[in-house]
Amino acid sequence: MQNLNRREFLKLFGVCGTGAVLSGCSEPKRYLIPYIDPPEDVTPGVAAYYATTCRECPAGCGMIAKNREGRVIKVEGNPAHPISGGKLCMRGQASLHGLYNPDRFTGPMRRGATGQLEPIKWENGQDLLASTVNGIARRGGTGRIVFLTDLITGSLEDMTAYWLSEMGQQNGHVMYETYAYESLRQANKVVFENDAVPTYRLDGLDFLISFNADFLETWISNLEFARQFGEFHPLKGDKKNKFIFVGPRLSMTANNADLWIQTRPGMEYAVALGMLRIILDGGLIKGIPADRRAYLGAITADWSVEKAAAAAGCDPGMISAAAGEFARAARPMAIADGRSMFSANATETAVAANLLCTLNPKSLDAVDFGRPHSYSKTASAQSMKGLADRMRAGEVDLLLIYRANPVFSLPGEWDFAGAMKSVPNVVSFSPAVDETSSLANLVLPANYSFETWGDYSPRQGVSGFLQPIMGPVFNTRGLGDILISTGKKVKSEISFPWRDFNLALQGYWTRAYKDSGGSGTFRSFWENLLMRGGYWPQSPSPSPAPSITTTAFSFPAPGQKPGKGMPVVVYPTIQFFDGRTANHLWVQEIPDSMTQTTWGGWVEIHPETAREMDLGKGDLIEMKTDFGVVEAPALPIYTVPKGVAAIPVGQGHTNFGRFADGLPANPFKLMPSGIDMTSGGIGNPGMYAAVRKTGASFDIAHTDGSFSQHGRDFWQTISLDERNKMAANGTQPYIDYPLPKGYDESKDFYPPHEHKDYRWSMVVDMDRCIGCGACVVGCYSENNVAVVKREQVLMGREMSWIRVQRYFDDETKLARWLVMLCQHCDNAPCEYVCPIFAPQHSVEGLNNQIYNRCFGTRFCSQNDPYKVRRFNWYSFSRPSPLKWQLNPDVTVRQKGIMEKCSFCVQRIIEAKIEARQKGRKVKDGDFTTACAQTCPTNALIFGSLLDPESRVSRMINDVRAYQVLVELNTKPAVIYLKRVTQEIRA
Amino acid sequence: MTFVESNPRTYLMESGQPQGLTSYADADMQIIRTMWHPGTFYWFCVAMTGLGVAVGAIAWGYQIATGIGAANVMHPVMWASYLTNFVFWVGIAHSGTLISAILFLFRASWRTSVSRASEAMTIFAVMIAGLFPLIHLGRVWIVYWILPYPNQRNLWPNFQSPLVFDVIAISTYLTVSFLFWYTGMIPDLATIRDRTTGMKSRIYGFLALGWEGSNDYWRHYGTAYLFFAALATPLVISVHSVVSWDFALGISPGWHSTIFAPYFVAGAIHSGLAMVLVLLIPLRKIYKFENLLTINVLEQIARTIILTGLIVGYSYAVEHFMSVYSGNEPERFQYEWRMTGYYSWLYWIMVVCNVFVPIALFFKKVRTNLKALFSIGILVLIGMWFERLVIIAGSQAREYDPYSWGVYKYPSIVEWGILIGSFSLFFFLFLLFAKFLPTISITELKEAIPPEEIKG
Amino acid sequence: MRGAAFMANQTAVVGTFGNMEEVVKAIRRLKAENIPIDSVYSPFRSSEIREALGEPSLGPGRFFTLFGAIAGIATGIFLAAYTAAQWRFIVGGKYPIPYVPTVIPAFEFLILLAVFFSLGGMLWMNKMPKRQLSKHYDKRFSQDLFGIVVYCSASDCDSIYARMEQFGAREVRRIE
């Protein structure tokens, strides 16, 4: 329970008990009557907090779910959890939209005579499944039942395996993840004799080079890496560690690098080999054993830096600079993406990165093969293709599906959907409709992760728990319970002795209890687990360093010919992962970090290339590879080099509910269909597409008004040297303090005003911001911010209270972010123009917006230079049951009302009440706003400026401090710290 | 035109107006004749404009039911066609009182035949202008919160807000204009009362408030009318200044400028005079008022349009100069974008219609050509409407934060409906006015007839 | 009507004139003979008649206007300051009762109340609105004729009647 303060402890304490299995949640009632038999843990008006685990991707972050009156209304990171550490990414927070997705299966269904799914009773559904299984078991033979799930571990994995074996099936359980990291695993096997995805630790490094691994977005465990990056990269004292990104596209991760080495798609390994060659040739790293030198020398013999640079398509100086930095660093590290679907030569790149890691023994401290990631269990693309072939050959009688959606994410040419038609019985346990489940002829919907018991272990040594935070929204059951009760029908009570899955889970964990030494009763062990949210031994013993082999490995020779057509980069985004979150409103609504685009896919093309090809923004283009064709609108933008196109994955759903369907485009349909036989991943020789303008258009809903900041100093940077010089001189920043001391006779007409007890303020450290947008979702879910959907975003009517503005530097064309929210100015221009005092200044310095006072002249927004006020153009509605997510502490705004960031005033009030009960004032760190709470890198700091000891009071005098549009004398209470830049030279 | 002459009659003779009247009864007859039996075309026009009003009302009702999203306003262009209409109609409203009050004080003779109609124009235009802030409100059903009335919440309006200035100024202007118009009409109503019988006589008699034209009546009336004129003149200037401060007190580039008050006043008079031309030229023809509304009157209006056009043109130039000279980058960008950006076509139409087209009026041939005058009136109105749109929507589209730039693309169907409704309402009211009230001041007309022309 | 209340039972002689020249001439001659003119009706406002009667150009209504203007300024300033004092909201960093913005309400209320008082003054002094027109009034006075009203006692009625005719009245009526 490290890092757990008293407040959080009290929150978690509410979890003791059996959770909140509540009745009456499925039918919204319209009258207010106090409970006669109050459900456990529910006090009206008081939130209960439960620890659980995020299941939106295999990273397995620990979460705290906030339950009000029987409904989950918000999720935040579990501060005690080793992976999330109190933070949560955009997708994790949007998991509530998976729970309350209006397109979830509302109950068991079977495909009727008309071909439509028709509702049936649970008993009938389970009988149907039992008789099907019975029939198969009677006919005999193994491999006739295939249980296709996403990555599951622990008790549920055990239960699935047991169930299949009881039904007489072997090896029937296939865990499908779109990203199985076959190439990464293969490279680890080649270099470290370990066919696994290890645990990486980035926080202790002093240099990092990433070969196209978007570790801040989707790579393995993006939130954990973001947190570690927040330790690794920002300014510490007067030092800042260096990070280089090598890849063809300026991804969000790349944009956080000090240097982006732009390469041809799939040629990242050339940079690594060039670096190796320079280090070896120059003897830059001492103490490399002779045999390794010889081995590496042989491998890099062909890769002089000029040749490498030519092959990669980059400046040789950059390679030598990277090599120099790598060699100079005490604890350098190289990582590579290792997903062959996204890049040619993925295995080669990963091997080359691993070879770099072998140069310095300290690098290997950050790679832990003793705690492999559960990704290592997932089925390779090769075995998925094998499954499709088996299904097509009629070797599968029953396909059971749980949450896996291969129809969407496998290469289009494999036609997994067609293969499923050859399976006589397809049963889906998925909670919501998707492309794969929609082909099932029996649907027995399982609970969503918030409604069910379970555990999930993202890597060895860390197990997160799931417990029902609320009763099922729809008529669904836990997958474990379904398996147990069908098992009882097929076999007997003796084979499946558990009353329900909760007991099976407890049985499973009895073993861990015994292993842990068994102090105290199992009951207290169990309750402690639930309260903490999982099981992770306090002090993991250090794993031995991996052994390094000298297996022969050949790299494709430099100077290979590119294919015909335009090179295409397909990349995953932080919003959609592999497309599984596309039915979550928030991630659709919140703009993509780099393109600032919402609701729909696009094709990024360099503006100059677009001009040459006569493509304007929104022109629908057809991209045709040898394997498939998609249509998506063109987006001229600087994120790709000239002559390269880039398409994000995640959109292009055809049967994934109302929010995801019909948006362009699914680039998995362009995927090469071959298999790389060594790694088992997709054999990707590089993707080249013929591009054709269709003549039609699809308007791109974007939120950015301009690429450039037009010299207006919204974002500001400072070089490390200058910063250090200024700090040494004791230079004070120029700040118009939002305090009486900010009064300046020469420019203030009216006298200063005092604040009472607090002056709330925020410091935004742009050196820490990685542009991930977690803060934005945090705000949406805390403050009931409306989602307006594509048509309204096209009209410029998105409602976001906080946004991560993206500008491109006019010269370098690298992106810069700026977190923009209400500045709570002391001289707020928005306030005095309102005719009826709807906005006014509170005694604590807040710029309050009184919703029920507002009648919508919109003058405040006109006069707001930061443009953070948002108007309710309509009474934006939320289809049931999405409205269950609403925070009852925050007013839902009606049409005709202006709204904006309130600095989470409801949290301020709650904290003040709590402090008053303790007979003291609110202390720094007692609470924070929703955006600051979830920021993985702690870029947002909230506090009171009247407390001289608060973090904000100390930080606003940092030399890097500045205010946006300070020349307007608005005296903003949001103070930014400049991003620190450092140049990487050879 | 000279304003120093103290006896109006001398240059009534010089300008030869009105013409062809040989008795006071003729004046009565000619004007009162227009008030009865207007014919089917008139009723057709009333029906069409009435239909237009209904279209506007339905559009507004729809917008209230769904939300302001029914209009194409967006973030950051939160104000567009509605406030353009508001400023436009306030501008139209200006010439009425200007002609009536300022020219009254300056003893400008040509005022007589146009003052009543232009005062009516003022009142209808202010009424319509006053509707637009309501139409544009997000929650119009609580608009009364802006009024300073004692309430149980003890919440009063914010007297620092330019919008409250607006409410006070516009409502004062409407009240004062109405009283000015009505007071000036009392003797005429008495005349009509005395020329009619039965119900008509009783209605007009009720409105005439028992007027008898004795010397005491005329003296008190004259005193009051003079002060009305003296008070209305600064009010005219103040109202459009206050309207301009809706923008100038904001801090947006393109709005925040001290030139706005005189610039808006000049623009208002510019558009108002154009509207006077557009209304009077058909009125003159339909009612056969050629002898009263002589070509000379129209020429005087045309000359004033040259003046206001030049002031407006000067203001445009000064704005651009200041944007560069001030060294304020967002300001400079704003004006550059105004000439070259999304709304540049509106901008150039605005410049041509407001500044260059009126220059044609320097030629007497143009000034005395009714068709040309009418067309120039229409063009100036279009130019002035665009000017307001360029200032309002254009300035917001490129504010400080480049990330939040965006454009209001075009009016939605609801906005078109309301635009049609507003023009229809204006002409509807004007048609009713032309039928039921004397469109030219009878007493002033009588005053203007040279006594030596009176026969018998 | 000056003196109308106590002279209600008196006889009046009303002379009707056809044009301005005639009526002005008649006024001058009546005045020369010291015959008190009660009132002069005209279809329009005429400075010739006013000058002939020797009246000042401005009536006492101007004091109403002045009072209204002063009251208006006071009202505007009071309203702005009093209402702001109720809650003392800080907006835009300004002092809760700022002085600059009170100028506008003060000015607008000045105009508004001054106009109200001017109009009120005119109506009050003319005893308007009223239901019954005075019996001396002739409908043609609002159209094309002028009229002079002179009150007379039983003794001089005849002579005044004759004078009216003599001074050019087209028609002379005796009204009880």
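Residues numbered from 1 in each chain as written. Chains lettered and ligands numbered in written order. Predicted model: local features only at pLDDT ≥ 70, side-chain atom pairs only at ≥ 80, totals over all residues. Heavy atoms only, no water.

## What about the overall build of chain B?
And then number 1: A count of helical and extended segments in chain B gives 16 helices and 0 strands.
And then number 2: Here the C-alpha radius of gyration of chain B, 23 Å, is about what a compact globule of 456 residues would show, namely 23 Å.
And then number 3: For chain B, the spread of C-alpha atoms along the principal axes amounts to about 80 × 55 × 40 Å.
And then number 4: Evaluated residue by residue, chain B yields a buried proportion of 68% over its 456 residues. (Helix = DSSP H or I, 4+ residues; strand = E, 2+ residues; numbered from the N terminus. Rg over C-alpha atoms; globule rule 2.2 N^0.38 Å. Buried < 20%, exposed > 50% of the residue type's maximum accessible area, 1.4 Å probe, protein only.)

## Points about the overall build of chain A
And then number 1: Helix and strand counts for chain A come out as 30 helices and 39 strands.
And then number 2: The C-alpha radius of gyration computed for chain A amounts to 28 Å, which stays within 12% of the reference 30 Å derived for 986 residues, consistent with globular compactness.
And then number 3: Looking at chain A residue by residue over its 986 residues, the buried ones come to 66%.
And then number 4: Summed over all atoms, the accessible surface of chain A reaches about 33200 Å², with 51% contributed by carbon and sulfur.
And then number 5: A distance of 2 Å separates the average location of the 105 positive side-chain charges in chain A from that of its 100 negative side-chain charges. (Areas by Shrake-Rupley, 256 points an atom, 1.4 Å probe, with all protein chains shown as cover. Lys, Arg positive; Asp, Glu negative; His and termini not counted. Charge placed at Lys NZ, Arg CZ, Asp CG, Glu CD.)

## Points about the packing of aromatic side chains
And then number 1: Tallied over the entire structure, the rule returns 102 aromatic pairs over all chains.
And then number 2: On the basis of an interplanar angle of 70° and a centroid distance of 4.7 Å, the ring pair of Y181 of chain A and Y375 of chain A is categorised as edge-to-face. Of this pair, Y181 of chain A sits in the loop between β7 (173–175) and α6 (182–192) while Y375 of chain A is found in the loop between β13 (367–368) and α15 (381–392), placing the two residues 194 residues apart along the sequence.
And then number 3: A relative accessible area of 0% places Y181 of chain A in the buried class.
And then number 4: On the basis of an interplanar angle of 10° and a centroid distance of 5.6 Å, the ring pair of W87 of chain C and F89 of chain C is categorised as stacked.
And then number 5: The exposure class of W87 of chain C is partly exposed, given its relative accessible area of 46%.
And then number 6: Here the aromatic residues F88, W89, F124, F178, W181, Y182, F423, F426, F427, F430 and F433 of chain B are joined through ring pairs into a cluster of three or more.
And then number 7: The aromatic ring of Y571 of chain A is capped on one face by R249 of chain A, whose charged end is 3.4 Å from the ring centroid.
And then number 8: Lying over the aromatic face of Y832 of chain A, K94 of chain C brings its terminal NZ or CZ to 3.8 Å of the ring centre. (Phe/Tyr/Trp six-rings, centres within 6.5 Å; stacked < 30°, edge-to-face > 60°. Lys NZ or Arg CZ within 6 Å of the ring centre and 35° of its normal.)

## Some details on the domain arrangement of chain A
All names here are of chain A.
And then number 1: The domains assigned to chain A are domain 1 (182–372), domain 2 (566–702) and domain 3 (717–981).
And then number 2: The straight-line distance from the C-alpha centre of domain 1 to that of domain 3 is 38 Å.
And then number 3: Taken residue by residue, the interface counts 16 residues in domain 1 and 20 residues in domain 3.
And then number 4: Across the pair D767 and K240 runs a salt bridge, and its minimum N-O distance is 2.7 Å.
And then number 5: Viewed at the interface, domain 3 and domain 1 are joined by 8 residue pairs in polar contact (both at pLDDT 80 or more).
And then number 6: Only α7 (222–232) and α8 (252–255) provide two or more residues apiece to the side of domain 1 that touches domain 3.
And then number 7: For the side of domain 1 that touches domain 3, the element with the highest residue contribution is α7, accounting for 5 residues. (Domains from an automatic or database assignment. Contact = heavy atoms within 4.5 Å. Salt bridge = Lys/Arg side-chain N within 4 Å of Asp/Glu carboxyl O. Polar contact = N/O pair within 3.5 Å; in protein donor to acceptor, adjacent residues only side chain to side chain.)

## Points about the interface of chain A and chain C
And then number 1: With 13 residues of chain A at the contact, the number on the chain C side is 11 residues.
And then number 2: Summed over both sides, the interface of chain A with chain C buries roughly 1100 Å², with 72% coming from carbon and sulfur.
And then number 3: Contact with chain C buries area across many residues of chain A, yet Y750, Y832 and F837 of chain A alone supply 49% of it, more than any other trio.
And then number 4: Linking chain A with chain C are 0 salt bridges, by the criterion used here.
And then number 5: One can count 3 residue pairs in polar contact (both at pLDDT 80 or more) joining chain A with chain C.
And then number 6: Residue assignment for the side of chain A that touches chain C shows that the elements contributing at least two residues are α26 (829–832) and β32 (839–841) of chain A.
And then number 7: Take the side of chain A that touches chain C: its biggest share by element is 3 residues, from β32 of chain A.
And then number 8: Here the side of chain A that touches chain C is composed, by residue class, of 7 nonpolar, 4 polar and 2 charged. (Buried area = accessible area lost by both parts, 1.4 Å probe. Nonpolar A, V, L, I, M, F, W, Y, C, P; charged D, E, K, R; others polar.)

## A short note on the interface of chain B and chain A
And then number 1: Facing 53 residues of chain B, the contacting portion of chain A comprises 57 residues.
And then number 2: Across the interface of chain B and chain A, roughly 4500 Å² is buried in total on both sides, 57% from carbon and sulfur atoms.
And then number 3: For the pair chain B and chain A, the interface holds 2 salt bridges.
And then number 4: Notably, a salt bridge pairs E399 of chain B with K867 of chain A, separated by 3.0 Å at the nearest N-O pair.
And then number 5: Applying the counting criterion to the chain B and chain A interface returns 42 residue pairs in polar contact (both at pLDDT 80 or more).
And then number 6: Put simply, the parts of the chain that give the side of chain B that touches chain A at least two residues each are α3 (40–66), α6 (162–195) and α11 (329–340) of chain B.
And then number 7: Across the side of chain B that touches chain A, the residue classes break down as 32 nonpolar, 14 polar and 7 charged.

## With respect to the state of the cysteines
And then number 1: Tallied over the entire structure, the rule returns 1 disulfide over all chains.
And then number 2: What pairs with C152 of chain C in a disulfide is C157 of chain C, and their sulfur atoms sit 1.9 Å apart. Handedness of the C152 of chain C-C157 of chain C disulfide follows from its S-S torsion of about 75°: it is right-handed.
And then number 3: With a relative accessible area of 3%, C157 of chain C lands in the buried category.
And then number 4: Summary of cysteine pairing: C825 of chain A is not part of a disulfide, and the nearest cysteine sulfur, belonging to C822 of chain A, is at 6.5 Å.
And then number 5: Of the residues examined, C825 of chain A reaches a relative accessible area of 6% and is grouped as buried. (Disulfide = S-S within 2.5 Å.)

## Notes on a nonpolar patch on the surface
Residue and element names in this part refer to chain B.
And then number 1: On the surface, L310, V352, F356, I359, F362 and F363 cluster together into a nonpolar patch covering about 590 Å² of accessible area.
And then number 2: By the secondary structure assignment, V352 is in helix α12 (residues 344–356).
And then number 3: When its relative accessible area of 41% is taken as the criterion, V352 is described as partly exposed. (Patch = residues over 30% accessible without salt bridge, like charges linked within 9 Å, V, L, I, M, F, W, Y side chains within 5 Å.)

## Quick look at the environment of N291 of chain B
All names here are of chain B.
And then number 1: Mapped onto the fold, N291 is located in the loop between α9 (260–286) and α10 (295–325).
And then number 2: The sequence separation of N291 and S113 amounts to 178 residues, and the corresponding C-alpha distance is 10.0 Å.
And then number 3: At 2.8 Å, the side chain of N291 forms a polar contact with the side chain of Q30.

## Brief notes about the sheet that holds strand β18 (residues 462–466) of chain A
Residue and element names in this part refer to chain A.
And then number 1: With antiparallel pairing, 3 strands are arranged side by side in an open sheet as β17-β18-β19. In the strand order of this sheet, the two ends are held by β17 (454–459) and β19 (534–535), each with one partner.
And then number 2: Here β18 runs beside β19; their pairing, made up of 2 bridges, is antiparallel. Of the residues in β19, the one forming a bridge with G464 is G534. (Pairing = 2+ DSSP bridges.)

## Section: the packing of α6 of chain B against helix α4 (residues 103–125) of chain C
And then number 1: α4 of chain C packs onto α6 of chain B with a crossing angle of 20° between their chain directions and a minimal axis gap of 10 Å. Compared by their axis directions, α6 of chain B and α4 of chain C come out roughly parallel. Like other packed secondary-structure pairs, α6 of chain B and α4 of chain C cross with a definite hand, here left-handed. Residues F165, I168, A169, T172, T175, V176, L179, T183 and I186 of chain B of α6 of chain B touch α4 of chain C, and the partners they reach there are I104, P105, E108, F109, I111, L112, V115, F116, L119 and M122 of chain C. (Axes fitted to C-alpha atoms, helices over the stretch in contact; angles between N-to-C directions. Parallel < 35°, antiparallel > 145°, perpendicular 65-115°, else oblique. Left-handed = near helix turned anticlockwise from the far one by under 90°.)

## Re the packing of helix α8 (residues 215–248) of chain B against helix α3 (residues 61–87) of chain C
And then number 1: At a minimum axis distance of 9 Å, the contact between α8 of chain B and α3 of chain C shows a crossing angle of 35°. Relative to α3 of chain C, α8 of chain B is oriented so that their crossing is right-handed. Residue-level contacts link T223, F227 and L231 of chain B of α8 of chain B to G61, R62 and T65 of chain C of α3 of chain C.
And then number 2: A class-by-class count of the residues in the contact of α8 of chain B with α3 of chain C yields 2 nonpolar, 3 polar and 1 charged.

## Points about the nonpolar core
And then number 1: Among the nonpolar cores identified, the biggest contains 478 residues, and F211 of chain A together with I148 of chain C are the most heavily contacted of them.
And then number 2: The element contributing the most residues to this core is α6 of chain B, with 17 residues.
And then number 3: Counting 45 residues, the second largest nonpolar core, distinct from the first, contains L129, I136, F465 and A504 of chain A. (Core = buried A, V, L, I, M, F, W, Y, C linked by side-chain atoms within 4.5 Å.)

## Topic: the sheet that holds strand β4 (residues 109–111) of chain A
All names here are of chain A.
And then number 1: Reading across the sheet, the 7 strands line up as β5-β4-β16-β15-β14-β6-β7 and stay open at both edges, with mixed pairing between neighbours. In this open sheet, the two strands that pair with only one neighbour each are β5 (117–119) and β7.
And then number 2: With 4 bridges connecting them, strand β14 (residues 398–402) and strand β15 (residues 425–428) associate as parallel partners. Bridge pairing links L398 to N425 in β15.
And then number 3: Against the sheet, α15 engages β6 (145–149), β7 and β14, with an angle of about 140° to β6.

## Examining the confidence of the model for chain B
Residues and elements named next belong to chain B.
And then number 1: Considering every residue of chain B, the mean pLDDT works out to 89; 96% of them sit at 70 or more.
And then number 2: Per-residue pLDDT, averaged within each element of chain B, yields its smallest value for helix α1 (residues 8–15) (42) and its largest for α12 (96).
And then number 3: Within the model, pLDDT remains below 50 along residues 1–16, and this stretch shows 27 contacts once partners closer than five positions in the same chain are excluded.
And then number 4: For this predicted complex, the interface confidence reaches an ipTM of 0.91, while the overall pTM sits at 0.91. (pLDDT = per-residue confidence, 0-100.)

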